[in-house]
Structure formats: structure tokens, C-alpha cells
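# Structure at a glance
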Amino acid sequence: MSMYSDKVMEHFRNPKNMGVMDSPDGVGEVGNPVCGDVMAVYIKVKDGRISDIKFQTFGCVAAVATSSMITELAKGKTLEEAAKLDNKSVSTELGGLPPIKEHCSNLAAEALHAAVKDYLAKRAQTGTRPAH
Ligand code: FES
């Protein structure tokens, strides 16, 4: 029996929003200190909301599933709402994650938060939307 819920396996087999994004408005990249895997989240922002989002990871089943889930949750949300999504929101949606995979499930939320910060920092620099 798999240690993962059906929902986790579903997102792992058919991940949503996986891939690269051309000229994103914000990029967040984080590494998992426990396993060394890396995660990147790309966002496009329109009228203060996340209009598009993509992720890339070399992580495990839990990392892929949580990224897929969090990109689904974050799409259409305001930046403030996205910044509040954490690994709890994700693992609840996924029907729970094995405790030993806790560090993996943090990656997606951390990368999303980093992408929001990156967008805000770029916007602060240019005074308006980031120029590309
Ligand atoms: Fe590296 Fe899960 S083992 S992300």
C-alpha cells in the first residue's frame, strides 16, 4: 500500500501547472536542506492577483503533489492571500501527508512566498510593474 493518499498520487501522476514560464513577474527558488532537492515557482501578476503560475521541481512525489496543489490554490488569489497559503492548507487539501514528508511539503509554500516577495521587490524597484 502506498504511504500517500489517492489525491497525492493523482497530483503526482497528473501535475497541474508544471513547467517553465516565459518572462515571469516573480520567481521563487528554494532548496530542501534535508534532501537537497530544488523547487522553483514562477508567477504572473495582474491587478494584484496571481493570473498565472508554474512550478518546476526535482523533488519527490510529495514535492510534486504539493506544488501542483498549491499552484491550483494560488491561481486567481491576491498576493496577500497567496502569502498566507502554507503547507497546512496544502496537506489538508491533499488528504494528509506522511509526517516524514513534512519537509518536502514546505518547499512549495516557501517557493510561492519567495516568488511573491520577488515580484514585490521588482515592482518596488521600477515603481510600476516589472519591465521585461
Ligand atoms: Fe526531496 Fe521530498 S525528498 S523534496
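Our subject is the structure listed above.
Residues numbered from 1 in each chain as written. Predicted model: local features only at pLDDT ≥ 70, side-chain atom pairs only at ≥ 80, totals over all residues. Heavy atoms only, no water.

Trans peptide bonds make up the majority, and among non-glycine residues the majority have a negative phi. Even without being glycine, Asn-17 reaches a positive phi, approximately 65 degrees. As for its placement among the helices and strands, Asn-17 is situated in the loop between α1 (6-13) and β1 (26-31). Judged by its relative accessible area of 14%, Asn-17 falls in the buried class. (Helix = DSSP H or I, 4+ residues; strand = E, 2+ residues; numbered from the N terminus. Buried < 20%, exposed > 50% of the residue type's maximum accessible area, 1.4 Å probe, protein only.)

Here we take up the packing of α1 against helix α2 (residues 61-74). As a packed pair, α1 and α2 sit with axes 8 Å apart at the nearest point and diverge in direction by 85 degrees. Judged by the inter-axis angle, α1 sits roughly perpendicular to α2. Facing α1, whose interface residues are Val-8, Met-9, His-11 and Phe-12, α2 presents Val-61, Val-64, Ala-65, Ser-68 and Met-69. Looking at the contact of α1 with α2 residue by residue, the classes come out as 7 nonpolar, 2 polar and no charged. (Axes fitted to C-alpha atoms, helices over the stretch in contact; angles between N-to-C directions. Parallel < 35°, antiparallel > 145°, perpendicular 65-115°, else oblique. Contact = heavy atoms within 4.5 Å. Nonpolar A, V, L, I, M, F, W, Y, C, P; charged D, E, K, R; others polar.)

Another point: the nonpolar core. Counting residues in each nonpolar core, the largest one holds 35 residues, and the members touching the most others are Val-41, Ile-43, Ile-50 and Leu-112. What Ile-43 contacts, discounting residues up to four positions off in sequence, is Met-21, Pro-24, Asp-25, Gly-26, Ile-50, Asp-52, Ile-53, Leu-112, Ala-115, Val-116 and Tyr-119. (Core = buried A, V, L, I, M, F, W, Y, C linked by side-chain atoms within 4.5 Å.)

We now examine the sheet that holds strand β3 (residues 49-57). Within a sheet, each strand pairs with its neighbour through backbone hydrogen bonds, oriented either parallel or antiparallel. Across the sheet, 3 strands lie side by side as β1-β2-β3; this open sheet has antiparallel pairing. Either end of the sheet is taken by a strand with one partner, and the two such strands are β1 and β3. The sheet shows a mean angle of 15 degrees between the axes of neighbouring strands, direction not considered. Relative to β3, strand β2 (residues 38-46) is paired through 8 bridges, and the arrangement is antiparallel. In the sheet register, Ala-40 faces β3, and the bridge partner there is Gln-56. Running over the sheet, α2 touches β2 and β3 and is turned about 170 degrees from β3. Of the strands in this sheet, β1, β2 and β3 touch helix α5 (residues 102-126), which is tilted by about 140 degrees from β1. (Pairing = 2+ DSSP bridges.)

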